[in-house]
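Okay, here's what each chain looks like letter by letter:
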Amino acid sequence: MIKKCLFPAAGYGTRFLPATKATPKEMLPILTKPLIQYGVEEALAAGIDTMAIVTGRGKRAIEDHFDISYELEHQIKGTSKEHYLTEIRDVITKCTFSYTRQIEMKGLGHAILSGETLIGNEAFAVVLADDLCDAPKGVLSQMIELYKKYQCPIIAIEEVPKDQTNKYGVIVGEEISKNVYMISDMVEKPEPKNAPSNLAIIGRYLLTPDIFDIIRKTKPGKGGEIQITDALLEQSKKSMVLAYKFDGQRFDCGSIDGFVNATNYFYEKEIK
Ligand code: G1P
């Protein structure tokens, strides 16, 4: 089964400058928890315990976050504040973390390829931490359920307003069972007037290791970047690639609106 999850986390987070000047965007918190920890917890809930993180320059805080801080442990142990560390201690105990760096920013496909040494020759999940999801059953858990049945790559999708297709990869497919589509076409960030559908890819993928060779052969696409969307389209021509309209809520925490909405949502849910 799927045991590893790749987190592309090398991006600059320019939309959140100056906050992201010295802080990785993946470390921005929704309430008290950094975005990437939500992603790791979702993976863990889906039975994945090996986290492979593709980082870049200025991202060391991610490694420190998923490590013991002896000084902090020493200060807080036995005090009324110790419970604040419960969740992160739990994550650190249950998972292993490995890191590699993406040296150049050449797109999501390239970031995923940079993680090949951490993944090896097995199927794996990909989480884009700024797509924060909340669902009664985690989105990765839902996808892994489906993977057990189909044993092929699966991409999470949701319907977006037609005027927003230029923010997403968009798929076309035949609905083969409820909420499950067999992909026949995919386009990265089409302008609304050219978009073949409003079924947008969101940042959860289950991939098979043959994708690495396909990415290696994928030419730069939209924005001059190596796109995972283009690599998956190539793969779908030879074998089945599915898209899954998941059950749950997604917040685009890479945008200020989405970030604020997520904060309000989790505040209502967990604090009030
Ligand atoms: C990436 C993908 C895009 C997908 C999106 C989901 O774009 O390239 O296909 O729809 O993630 O968040 P990015 O948002 O990194 O530009």
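Remember, predicted model here, so these are calculated numbers, not experimental data.

## What about the overall build of the chain?
Move 1: Secondary structure summary: the chain contains ten helices and 13 strands in total.
Move 2: Its C-alpha radius of gyration of 18 Å places the chain within 12% of the 19 Å reference for a compact globule of 272 residues.
Move 3: The principal-axis extent of the C-alpha atoms belonging to the chain is close to 60 × 40 × 40 Å.
Move 4: Expressed as a percentage of the 272 residues in the chain, the buried residues total 52%.
Move 5: Sequence separation of at least 24 residues holds for 76% of the intrachain contacts in the chain that already meet a minimum separation of 6.
Move 6: Approximately 13300 Å² of the chain is accessible, and the part contributed by carbon and sulfur atoms is 51%.
Move 7: Of note, the chain has its 34 positive side-chain charges centred 2 Å away from the centre of its 37 negative side-chain charges.

## What about the pairing of strand S9 (residues 169–177)?
Move 1: With eight bridges connecting them, S9 and strand S10 (residues 180–188) associate as antiparallel partners. Across the sheet, residue Val-172 finds its bridge partner in S10, namely Asp-185.
Move 2: What sits between S9 and S10 in their antiparallel hairpin is a turn of two residues, with Asn-179 showing a positive phi close to 70°.

## Considerations on the layout of surface pockets
Move 1: Its volume calculated, the largest pocket comes out at about 1100 Å³.
Move 2: Lining the largest pocket are 38 residues, with Arg-15, Lys-25, Leu-128, Asp-130 and Lys-189 sitting closest to its centre.
Move 3: Of all the elements, strand S11 (residues 199–207) adds the most residues to the lining of the largest pocket, at four residues.
Move 4: Its volume calculated, the second largest pocket comes out at about 510 Å³.
Move 5: Those elements giving two or more residues to the lining of the second largest pocket turn out to be strand S3 (33–34), helix H1 (35–45), helix H2 (60–65), helix H3 (70–76), helix H4 (86–94) and helix H10 (256–271).
Move 6: A total of four residues in the lining of the second largest pocket trace back to one element, the largest contributor, which is H4.
Move 7: Here the lining of the second largest pocket is composed, by residue class, of twelve nonpolar, four polar and seven charged.

## Observations concerning the site of the ligand
Move 1: Around the ligand, 13 residues are found, and the nearest of them are Asp-131, Gly-169, Glu-188, Lys-189 and Ile-201.
Move 2: Contact between the ligand and Gly-169: an oxygen atom at 2.9 Å from a main-chain N or O atom of the residue.
Move 3: Contact between the ligand and Glu-188: an oxygen atom at 2.7 Å from a side-chain N or O atom of the residue.
Move 4: Contact with the protein chains removes 75% of the 380 Å² of surface that the ligand exposes when unbound.

## Here we look at the pattern of salt bridges
Move 1: Going through the model one piece at a time under the given rule, you end up with 21 salt bridges.
Move 2: For the salt bridge of Lys-33 with Glu-41, the shortest nitrogen-to-oxygen distance reads 2.7 Å.
Move 3: For Glu-41, a relative accessible area of 21% gives the class partly exposed.
Move 4: With a closest N to O distance of 3.2 Å, Arg-89 and Glu-82 form a salt bridge.
Move 5: Judged by relative accessible area, which is 25%, Arg-89 ranks as partly exposed.
Move 6: Through salt bridges with shared partners, one network takes in Lys-33, Glu-41 and Glu-87.

## Considering H1
Spacing of three or four residues puts side chains on the same side of an α-helix, whose turn is 3.6 residues.
Move 1: In terms of residue burial, H1 counts as a mostly covered element, since eight of its eleven residues are buried.
Move 2: Following H1 by one or two positions, Gly-47 adopts a phi angle in the positive range, close to 90°.

## What about the state of the cysteines?
Move 1: In total, this model carries zero disulfides according to the counting rule given.
Move 2: Here Cys-152 is not cross-linked by a disulfide; its sulfur's nearest cysteine counterpart is in Cys-5, at 18 Å.
Move 3: Here Cys-152 falls in the buried class, since its relative accessible area comes to 5%.
Move 4: Among the cysteines around Cys-253, which has no disulfide bond, Cys-133 carries the closest sulfur, lying 9.2 Å off.

## What about the side chain of Ser-141?
Move 1: The residue Ser-141 is located in helix H7 (residues 139–150) in this model.
Move 2: If sequence neighbours within four positions are ignored, Ser-141 has contacts with Ala-45 and Ala-46.

## Section: the side chain of Gln-102
Move 1: Its place among the elements puts Gln-102 in the loop between strand S5 (96–101) and helix H5 (108–114).
Move 2: Overall, Gln-102 belongs to the buried group, its relative accessible area being 4%.
Move 3: Here the side chain of Gln-102 touches His-110 through a polar contact of 2.9 Å, side chain to side chain.

## Some thoughts on the environment of Thr-96
Move 1: Examined against the element boundaries, Thr-96 turns out to sit in strand S5.
Move 2: Take Thr-96: its relative accessible area is 48%, and that puts it in the partly exposed class.
Move 3: Placed 44 residues apart in sequence, Thr-96 and Ala-52 show a C-alpha to C-alpha distance of 8.5 Å.
Move 4: Dropping the residues within four chain positions of it, Thr-96 is found in contact with Asp-49, Thr-50 and Met-51.

## Concerning the packing of H1 against H4
Move 1: Orientation of H1 relative to H4, taken along the N-to-C sense of each, is 55°, at an axis distance of 11 Å. Our classification of the angle between H1 and H4 gives oblique. Every pair of crossing elements has a handedness; the one defined by H1 and H4 is left-handed. When H1 is examined against H4, the residues Gln-37, Val-40, Glu-41 and Leu-44 are found in contact with a partner set consisting of Glu-87, Ile-88, Val-91 and Lys-94.

What counts, and at which threshold
- Residues numbered from 1 in each chain as written.
- Predicted model: local features only at pLDDT ≥ 70, side-chain atom pairs only at ≥ 80, totals over all residues.
- Heavy atoms only, no water.
- Helix = DSSP H or I, 4+ residues; strand = E, 2+ residues; numbered from the N terminus.
- Rg over C-alpha atoms; globule rule 2.2 N^0.38 Å.
- Buried < 20%, exposed > 50% of the residue type's maximum accessible area, 1.4 Å probe, protein only.
- Contact = heavy atoms within 4.5 Å.
- Areas by Shrake-Rupley, 256 points an atom, 1.4 Å probe, with all protein chains shown as cover.
- Lys, Arg positive; Asp, Glu negative; His and termini not counted.
- Charge placed at Lys NZ, Arg CZ, Asp CG, Glu CD.
- Pairing = 2+ DSSP bridges.
- 1 Å grid on protein atoms, 1.4 Å probe; cavity = no way out; pocket = protein on both sides within 12 Å on 5 of 7 lines; lining within 4 Å.
- Points joined across faces, edges and corners; volume = space filled by probe spheres on them.
- Nonpolar A, V, L, I, M, F, W, Y, C, P; charged D, E, K, R; others polar.
- Near = heavy atom within 4 Å.
- Polar contact = N/O pair within 3.5 Å; in protein donor to acceptor, adjacent residues only side chain to side chain.
- Salt bridge = Lys/Arg side-chain N within 4 Å of Asp/Glu carboxyl O.
- Disulfide = S-S within 2.5 Å.
- Axes fitted to C-alpha atoms, helices over the stretch in contact; angles between N-to-C directions.
- Parallel < 35°, antiparallel > 145°, perpendicular 65-115°, else oblique.
- Left-handed = near helix turned anticlockwise from the far one by under 90°.

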